[in-house]
Amino acid sequence: MVSRVTTIAFEGIAAVPVDVQVMVAPGKVGMQIVGLPDKAVAESRERVQAALHASGLSMPPKKVTVNLAPADLPKEGSHYDLPIALGLMAALGAVPGDALADYVVLGELNLDGTIASVTGALPAAIGANGLGKGLICPHDSGPEAAWAGAEIDILAPRSLIAMANHFRGTQVLSRPEATRHAPSRELPDLADIKGQEGARRALEVAAAGGHNLLMVGPPGSGKSMLAQRLPSILPPLSARELLEVSMVQSVAGELAGGKLTDRRPFRAPHHSASMAAMVGGGLRVRPGEASLAHHGVLFLDEFPEFTPQVLDSLRQPLEAGECVIARANARVSYPARIQLVAAMNPCRCGMAGEPGHRCARGPRCQAEYQGRISGPLLDRIDLRIEVPAVSAQDLIRPGRAEASAAVAERVARARMLQRDRYEALGAAGVTNAHCSTALVEQVAAPDAAGLALLRDASDKLGFSARAYHRVLKVARTLADLDGIERVGRIHLAEAISYRMGSERMAQAA
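Residues numbered from 1 in each chain as written. Predicted model: local features only at pLDDT ≥ 70, side-chain atom pairs only at ≥ 80, totals over all residues. Heavy atoms only, no water.

Below, the discussion takes up the sheet that holds strand β12 (residues 297–300). Spatially, the five strands line up as an open sheet ordered β11-β12-β15-β10-β16, and their pairing is parallel. The open sheet has two edge strands with one neighbour each: β11 (266–267) and β16 (383–386). Looking at chain direction, β12 and strand β15 (residues 339–344) are connected through four bridges and run parallel. Residue pairing across strands places Val297 opposite Gln339, the latter belonging to β15. (Pairing = 2+ DSSP bridges. Helix = DSSP H or I, 4+ residues; strand = E, 2+ residues; numbered from the N terminus.)

Within the secondary structure, Ser404 sits in helix α18 (residues 404–424). A distance of 2.7 Å separates the side chain of Ser404 from the backbone nitrogen of Leu190, its partner in a polar contact. A polar contact of 2.8 Å, which involves the side chain of Ser404, links it to the side chain of Ser232. Sequence-distant contacts of Ser404, defined by excluding residues within four places in its chain, comprise Pro188, Asp189, Leu190, Ser232 and Ile233. (Polar contact = N/O pair within 3.5 Å; in protein donor to acceptor, adjacent residues only side chain to side chain. Contact = heavy atoms within 4.5 Å.)

Aromatic ring pairs are reported here in terms of the distance separating the ring centres and the angle at which the planes meet. Evaluation of the coordinates by the stated rule reveals two aromatic pairs. Aromatic side chains Tyr103 and Phe167 sit 6.5 Å apart centroid to centroid with 70 degrees between the ring planes, which places their arrangement in the edge-to-face category. Here Phe167 lies in helix α7 (residues 160–168) and Tyr103 lies in strand β5 (residues 103–105), a separation of 64 residues in the sequence. When the ring of Phe266 is compared with that of Phe299, the centres are 6.1 Å apart and the planes differ by 25 degrees; the resulting orientation is stacked. (Phe/Tyr/Trp six-rings, centres within 6.5 Å; stacked < 30°, edge-to-face > 60°.)

As a further point, take the pairing of strand β4 (residues 63–69). In terms of strand pairing, strand β2 (residues 14–25) meets β4 through seven bridges, oriented antiparallel. Bridging from a neighbouring strand, Ala25 pairs with Lys63 of β4. Sheet topology note: the strand β3 (residues 30–34)/β4 ladder contains five bridges and is parallel. Residue pairing across strands places Gly30 opposite Lys63, the latter belonging to β4.

According to the stated counting rule, one finds 24 salt bridges in the structure shown. Here Glu241 makes a salt bridge to Arg264, at a shortest N to O gap of 3.0 Å. Note that Glu241 is positioned in helix α10 (residues 239–252) and Arg264 in the loop between α10 and β11, a separation of 23 residues in sequence. As far as the burial class goes, Glu241 and Arg264 line up, both buried. Overlapping salt bridges, with partners in common, bring together Glu319, Asp379, Arg380, Asp382, Arg466, Arg470 and Arg499 in one network. (Salt bridge = Lys/Arg side-chain N within 4 Å of Asp/Glu carboxyl O. Buried < 20%, exposed > 50% of the residue type's maximum accessible area, 1.4 Å probe, protein only.)

See below:
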């Protein structure tokens, strides 16, 4: 007799169905697991046997064969424990096999028969819903899985005994409730920033349109403070964005207690991060920092200190909105629609261009340091601003600057204009920074004076085609902040001013 249980294998955030087939037959006593399992799956044999023994069931004195089909799909992770155990229990008659046919099962077993939480419960629940089935998952993963929809039948037992009692009718498992983190009110506020009016304006523009931003200035000028306050003026995640972000976090094991939050991600990896840590990879191809910052902010402090290979690996995610990791036997894609914010010193000694300071190596120091960033990567950064050192007069000035709440209201109004515009054009869910080139030429067509300015600036500064369209996108955001339908000369002039620094750095690169 062969009992069958459905589980899943993860390919990125996609859940691929896996058929767990358990057969108990005469032969040499023992359990064999086949179907291209990795070490964690192969070791489930010992965990399943110990958990069944702790639950009052003994292994039959027969040959037990477990096949994970399709056999040519690699099986990785410990979430195969529970489907193997339930398949074996169905083969022994401890649970009805026909009841398991309506569920997708995943979970890790402890030696005492309790069920430990696993990663990926949310994409597994969405995959189960796509198959027309319910989900059986660990108790601690239940609140996370419940976000997949109220119509999905979800069972979240604490142990194998609770699972068996539920199917016998002696104990009824209630459906878990979706939980959400309480909104944080401790985000750093822009009111803490002294001076830096130009940088504050650029930060508002970046937030309003989702644009990439590079800040260049000496140590202590407030670049990191500004970046850390960007989340306080960004709008909350929409329902669709929340689901996408949470699926990536679920696969990476970043959802604490299964609670979701509509706060946009803010990731700030150290400059020693490897390429696998940045864009994803490793033995089991996990998402990297770029994917964990999906629909949020990826902040790279000390920008040139990252290795050139790691920085250039971000070029595809910035352009395509996804990280594709190719292996000899697999190709995995993770979403990575990020807003890149970077900060750097003007040179290695950090004080080039500051009054009263002279770089020991002269202009060569600045050119070599800024040349560590490739021109194609700089071409993908919409805003480049100088952040000068804060003077003593700025620090002792009485009163506080404009708070984040007031800036966030203007950003929200600009985002709403973008949402309505692109929904009407059939491109829902995009911002000015991420709309297509054909679309931006339609929505950001400048007036005659603006067109003449853009033509002259493009000829003098040598804009690439990408730079040309990104100037239009920034100008469209500036017009949205002003509540103006037509992009004018003043908007293009400010957008070009943000671009001029990047063109100088590209020449150094």
